[in-house]
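If you want the building blocks of each chain, they are given just below.
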Amino acid sequence: MGVVALADFGSTYTKVSLVEPEEGRLLARAEAPTSIGSDLMDGYATALAAAEAAAPGDVRVDEALAVSSAGGGLRVAAVGLVEDLTAAAARQAALNAGARVGAVLAGQLGEEQLAELRAARPEIVLFAGGTDGGQAELVLDNARRLAAGRVEAHFVVACNADVAEEAVLLLRGGGARAEVAANVMPRLGELVIDSAREAILRAFLDHVIGGKGLSASPSFQEMVRMPTPEAVLEATRLLSLGVEGEPGVGDVIVIDVGGATTDVHSSRVAQAATPGIEDPLLPPPPSLRTVEGDLGLRSSAPGVLAADGPWIGSEAGLGETAIGRSVSFRSKDSKWLPDSPAEARLDGALAVSCATHALRRHCGTMLLARSEAGPPTLVRDGPDLREVARVIGTGGVFAHRGDGADILRRALERPAPRSLAPRGPALSIDASYVLAAAGLLATRHPAAAMRLLGRELVPARNETP
């Protein structure tokens, strides 16, 4: 049987799924430790052999595709002029490309900011600033400063379209690689990030993934199609919107609780205008990814405790000293696993807290804006996700525990005041780690990817698929 091998090169484990490409049937999956110390294809070969042995009957790999977050993932820095506008737009474009955003700079760049940029060691810099026709001199001055600063990165220039080509020439004159993308904010209130996102992904494939020294095999670079988080966002979008002959389920949120970060992906079919409610000046895109670097179950566990300590202590039934000691163990060992019922209970409480706070930060808030010129107005600050049809949990804590749906329910029951978080969505668990695999499969076989999601996402108890 001809199959597609879908690999996910993670920082700790390499996962391989074998999928029949016509109907999107998952035939087998396996994982092996990611072989960072030697060659990433060594770990892939081990995982692939295990998956082939587990598959029913004989299989033949006709296509091999991969995503990767190994070697630190994709590191991007965002540069703009106004922190809440063009810099924020650049940051969102980078996040939607599956990047880790290590620095966000705004305004006229000085030596202190250039030092911060160099310290972040970005592989790609997304250079924005100015609406089309606006702030031309300041945009070009920043390009000159970056060129003189000798920042070693690939530049994607998504600034004022009138001076974008000139900015590219300045950066190239300083020895940098640079290319033009569409302005991320051509007009106030208009967010255009797909062109910049696509340019980041091209640079990732053409310049970044091969330059990390992760594998000497040309097959590795041929296989990798995108960063892992971009594949998860693509699967979220696919499940929400569907494809021809395979309808979507409507608005979707995916919560990915990991050891270092908690990522939230969402896709909205449409954001309806509501009379009497204003939208923010920087509108959220229909597909949105946010990353919380202080929320995680292992290296970022201290950040979770700082955000939610009293609640975690109450839920886990442990004293402050015991919790502090347990969190310290977790933060020092990414592979640590709970070794007692009390530690498992604490892991569950930490997971609920990660999901709670990441969801609060991802969803919008309804604000009351007061004005001396007229009556107060309601402002929708961020995405309105109250009508989300389905919330999905992914990551090890959901795949390996039996109470993943309960973790989601408890998080959804703790909304912030005036939150625009989901109200009564259906819940599903990604028990087979298929989201990244489906997003990757969708690049070649979108209908099969949709069927794969329908088969493998496990509905919560007392719900129908």
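As shown above, the structure is provided for reference.
Residues numbered from 1 in each chain as written. Predicted model: local features only at pLDDT ≥ 70, side-chain atom pairs only at ≥ 80, totals over all residues. Heavy atoms only, no water.

Caption draft 1: Inspection of helix H10 (residues 320-332) at higher detail. With 13 residues, H10 should reach 18 Å at 1.5 Å per residue; the first-to-last C-alpha distance of 19 Å fits that figure. Turning to H10, its buried residues are Ile323, Ser326, Val327 and Arg330. Taken down its axis, H10 places every buried residue within 100 degrees of arc, on the same side. Residues of H10 that are exposed and point over 90 degrees away from its buried face: Thr321 and Lys332. Packed against the buried residues of H10 are helix H9 (301-316) and helix H11 (341-362). (Helix = DSSP H or I, 4+ residues; strand = E, 2+ residues; numbered from the N terminus. Expected span 1.5 Å × (residues − 1). Buried < 20%, exposed > 50% of the residue type's maximum accessible area, 1.4 Å probe, protein only. Arc of directions from axis to C-beta. Contact = heavy atoms within 4.5 Å.)

Caption draft 2: Structural detail: the sheet that holds strand S8 (residues 154-157). The strand order across the open sheet built from five strands is S6-S5-S7-S8-S9, with neighbouring strands paired in parallel fashion. The open sheet terminates on both sides in strands that have one partner only, identified here as strand S6 (100-106) and strand S9 (177-180). Direction aside, neighbouring strands of the sheet carry axes that sit 20 degrees apart on average. Docked against the sheet, helix H3 (residues 111-120) engages strand S5 (75-80), S6 and strand S7 (124-127), running at close to 170 degrees with respect to S6. (Pairing = 2+ DSSP bridges. Axes fitted to C-alpha atoms, helices over the stretch in contact; angles between N-to-C directions.)

Caption draft 3: View of empty space enclosed by the protein. Following the criterion strictly, the structure yields two cavities of 30 Å³ or more and no others. Here the largest cavity defines a volume of roughly 70 Å³. Mapped by element, the contributors of at least two residues to the lining of the largest cavity are strand S1 (2-9), strand S2 (13-20) and helix H14 (434-441). For the lining of the largest cavity, the class distribution of residues is eight nonpolar, one polar and three charged. Volume-wise, the second largest cavity comes out at about 40 Å³. In terms of lining, the second largest cavity is formed by Thr356, Leu359, Arg360, Ala411, Leu412, Arg414, Pro415, Ser419 and Ala421. Among the secondary structure elements, those contributing two or more residues to the lining of the second largest cavity are H11 and helix H13 (404-412). The greatest single-element share of the lining of the second largest cavity, amounting to three residues, is contributed by H11. For the lining of the second largest cavity, the per-class residue count stands at five nonpolar, two polar and two charged. (1 Å grid on protein atoms, 1.4 Å probe; cavity = no way out; pocket = protein on both sides within 12 Å on 5 of 7 lines; lining within 4 Å. Points joined across faces, edges and corners; volume = space filled by probe spheres on them. Nonpolar A, V, L, I, M, F, W, Y, C, P; charged D, E, K, R; others polar.)

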